[in-house]
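# Examination of the molecular architecture
One-letter residues, chain by chain:
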Amino acid sequence: MHDYQRRFIEFALEHEVLRFGEFTLKSGRTSPYFFNAGAFDTGARLAALGGFYADAIVDGGLAFDVLLGPAYKGIPLAAATAVRLADAHDRDVPWCFNRKEAKDHGEGGLFVGTEPKGRLLVIDDVITAGTAIREVIALVDGLDASVAGVVVAVDRRERGTGELSAIQEVERDFGITVTSIVSFDDIIEYLEESGRFAEHLPSVRAYRERYGVA
Ligand code: OMP
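Throughout this document, residue positions are counted from 1 along each chain, in the order its sequence is written. Local features in this predicted model are restricted to residues of pLDDT 70 or higher, and side-chain atom pairs are both shown and tallied only at a pLDDT of 80 or more, whereas totals for entire chains, interfaces and linings draw on every residue. Working from all heavy atoms in the structure, the side-chain values ignore hydrogens and water.

## Looking at the overall build of the protein chain
The line we're drawing: A run of H or I in DSSP counts as a helix once it spans at least four residues, and a run of E counts as a strand once it spans at least two, with each numbered from the N terminus. The size measure is the radius of gyration over C-alpha atoms, and the globule rule it meets is 2.2 Å times the number of residues to the 0.38 power. Each residue gets one of three labels from its accessible area relative to the maximum for its type: buried under 20%, exposed over 50%, partly exposed in between, using a 1.4 Å probe on protein chains only. Pairs of residues are marked as contacts when any of their non-hydrogen atoms sit within 4.5 Å. The accessible surface values rely on the Shrake-Rupley method and a 1.4 Å probe; as for residues, cover is taken only from the protein chains in view.
In terms of helices and strands, the protein chain carries seven helices and eight strands. Against the globule reference of 17 Å for 214 residues, the protein chain gives a C-alpha radius of gyration of 17 Å, in line with a compact fold. Viewed in the frame of its principal axes, the protein chain has a C-alpha envelope of about 55 × 40 × 30 Å. Among the 214 residues that make up the protein chain, the fraction classed as buried is 48%. Of the contacts made within the protein chain by residues no fewer than 6 positions apart, 70% connect residues no fewer than 24 positions apart. Here the protein chain has roughly 10300 Å² of accessible surface; of this, 47% comes from carbon and sulfur atoms.

## Let's talk about the site of the ligand
Put simply, the rule reads: When at least one non-hydrogen atom of a residue lies within 4 Å of a molecule or strand, that residue is treated as near it. Counting of polar contacts relies on pairs of N or O atoms within 3.5 Å, with two restrictions inside protein: one atom must be capable of donating a hydrogen and the other of accepting it, and residues adjacent in sequence are counted only when both atoms are side-chain atoms. Each residue is assigned to one class: nonpolar for Ala, Val, Leu, Ile, Met, Phe, Trp, Tyr, Cys and Pro, charged for Asp, Glu, Lys and Arg, and polar for all the others, Gly among them.
Around the ligand there are 14 residues in total, and Lys-26, Phe-35, Thr-128, Gly-130 and Arg-156 lie nearest to it. Between the ligand and Gly-130 there is a distance of 2.7 Å, counted from an oxygen atom to a backbone nitrogen or oxygen. The backbone of Thr-131 places a nitrogen or oxygen atom 3.3 Å from an oxygen atom of the ligand. Here the ligand has 500 Å² of accessible area as a free molecule, and 91% of this is covered by the chains. No other element matches strand E6 (residues 118-127), which puts three residues into the shell around the ligand. Across the shell around the ligand, the residue classes tally to seven nonpolar, three polar and four charged.

## Side note on the pairing of strand E3 (residues 66-69)
Formally: Paired strands are those between which DSSP finds at least two bridges.
Both faces of E3 are covered, namely the face carrying Val-66 and Leu-68 and the face carrying Leu-67 and Gly-69. Relative to E6, E3 runs parallel, the two sharing three bridges. The residue bridging Val-66 from the neighbouring strand is Leu-120, located in E6.

## Re the confidence of the model for the protein chain
Low-pLDDT stretches of the model should not have their predicted coordinates read in fine detail. Put simply, the rule reads: pLDDT expresses, on a scale from 0 to 100, how confident the predictor is about each individual residue.
The predicted model of the protein chain averages 93 in pLDDT, with 97% of residues at 70 or higher. Across the predicted assembly, pTM comes out at 0.91 and ipTM at 0.94.

## Here's the deal with the packing of aromatic side chains
Rules: Side-chain rings of Phe, Tyr and Trp (the six-membered ring for Trp) are treated as a pair once their centres are within 6.5 Å; stacked means planes under 30 degrees apart, edge-to-face means over 60, and tilted covers the remaining angles. The rule for a charge over a ring is simple: NZ of Lys or CZ of Arg within 6 Å of the ring centre, and within 35 degrees of the ring normal.
With the rule as written, the count across this model stands at twelve aromatic pairs. Here Phe-8 and Phe-35 contribute two aromatic rings whose centre-to-centre distance is 5.9 Å and whose plane-to-plane angle is 40 degrees, an arrangement assigned as tilted. Note that Phe-8 is positioned in helix H1 (residues 3-14) and Phe-35 in strand E2 (residues 30-35), a separation of 27 residues in sequence. Pairwise contacts between aromatic rings join Phe-8, Phe-11, Phe-35, Phe-40 and Phe-52 into one cluster. It is Arg-156 that lies over the ring of Tyr-33; its NZ or CZ is 4.1 Å from the centre.

## Details of the nonpolar core
One recurring pattern in soluble globular proteins: nonpolar side chains tend to sit buried together. Rules: Only buried Ala, Val, Leu, Ile, Met, Phe, Trp, Tyr and Cys residues count toward a nonpolar core, and they belong to the same one when joined by side-chain atoms within 4.5 Å.
Among the nonpolar cores identified, the biggest contains 46 residues, and Phe-8, Leu-18, Phe-35, Ile-57, Leu-67, Ile-123 and Ile-181 are the most heavily contacted of them. For Phe-35, the residues in contact, after removing those within four places along its chain, are Phe-8, Ala-12, Val-17, Leu-18, Phe-40, Val-126, Ala-153 and Val-154. Ranked by size, the runner-up nonpolar core spans 20 residues in total, among them Ile-127, Val-152, Val-170 and Val-178.

## Observations regarding the pattern of salt bridges
So the rule is basically this: Each salt bridge in this description consists of a side-chain nitrogen of Lys or Arg and a carboxyl oxygen of Asp or Glu lying within 4 Å of one another.
Counted by the stated rule, this structure contains twelve salt bridges. Here Asp-3 makes a salt bridge to Arg-7, at a shortest N to O gap of 3.4 Å. In this pair, Asp-3 and Arg-7 both sit in helix H1, four residues apart, roughly one turn of the helix. Close ionic contact of Arg-6 with Glu-193 constitutes a salt bridge, the shortest N to O distance being 2.8 Å. With a gap of 187 residues between them, Arg-6 in helix H1 and Glu-193 in helix H6 (residues 184-194) connect regions that are remote in the sequence. Residue classification places Arg-6 among the partly exposed positions, given a relative accessible area of 25%. Residue Glu-193 is classed as partly exposed on the basis of its relative accessible area, which comes to 45%. Where salt bridges share partners, they join Arg-29, Arg-156 and Glu-158 into one cluster.

Here it is, written out as C-alpha cells:
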C-alpha cells in the first residue's frame, strides 16, 4: 500500500465516509462496510478527495484527453480532480459532465463543459457490480470519443456475474483500465495492521470470502 492510500483510508474513516455496520447495496447484497463519497461534504474535504484522485491518476500514469464526471455523484468528483490536477500537478486538463436528461433549449445537449472527444477518463465513486459504469460506457457510444479508463475511490473487488470481479469484467468487455485509490483488500490490510475497528474484522473477512474475488 502506498502512503497516499493509507492516508486516504484514514481520511475516509475520520469523516465517516467509510463506515462499518450493516448496509444494503444497490446489488441487494448486505455489506459490513459502506463508502459514501457524498459525505466529503465541505470544501476542504472535497478538495482533499480531488487530491487523492489526482494522485491515483499521476501514480498510474494514466493517458487521457478529457475527464468525465457521470451524473450525479461523479460531477463534483471530476471537478475536484481537475482542480487538483491543475493546482498540485500543473496539469490543466479539460473536463465535462453529462446531464441525466438532454436539454433541448439554450446551449442544449447532454454534456456540459468541454466537448467529450478522444480518450475519456471517467471519475466515479465506487464500482460494486459494475452497473453504473456500464451505463456511462453506453452514454458515449456514438460520440467521437471512447472511455479509455475509469478511476474510482474504492474497488470493492466483488465478483460480477462469474468468477472475475465486476471491474475485471468491465476491463475485459470494453478493453479499458480501471484504477482505484484503494481496494477492499487495502481496507482489510489497513484494519489488520492498525488494529482499528477490530470488532468488524470477522464480518469483513466473511464478506470477502463470500463475494470477493480470489
Ligand atoms: P454498481 O453499479 O453495482 O457498480 O454500484 C456502484 C454504486 O453503488 C455507486 O455508484 C454507489 O452509488 C453505490 N455504492 C456506494 O456508494 N458505496 C458502496 O460502498 C457500495 C455501493 C453499492 O451500492 O454497491
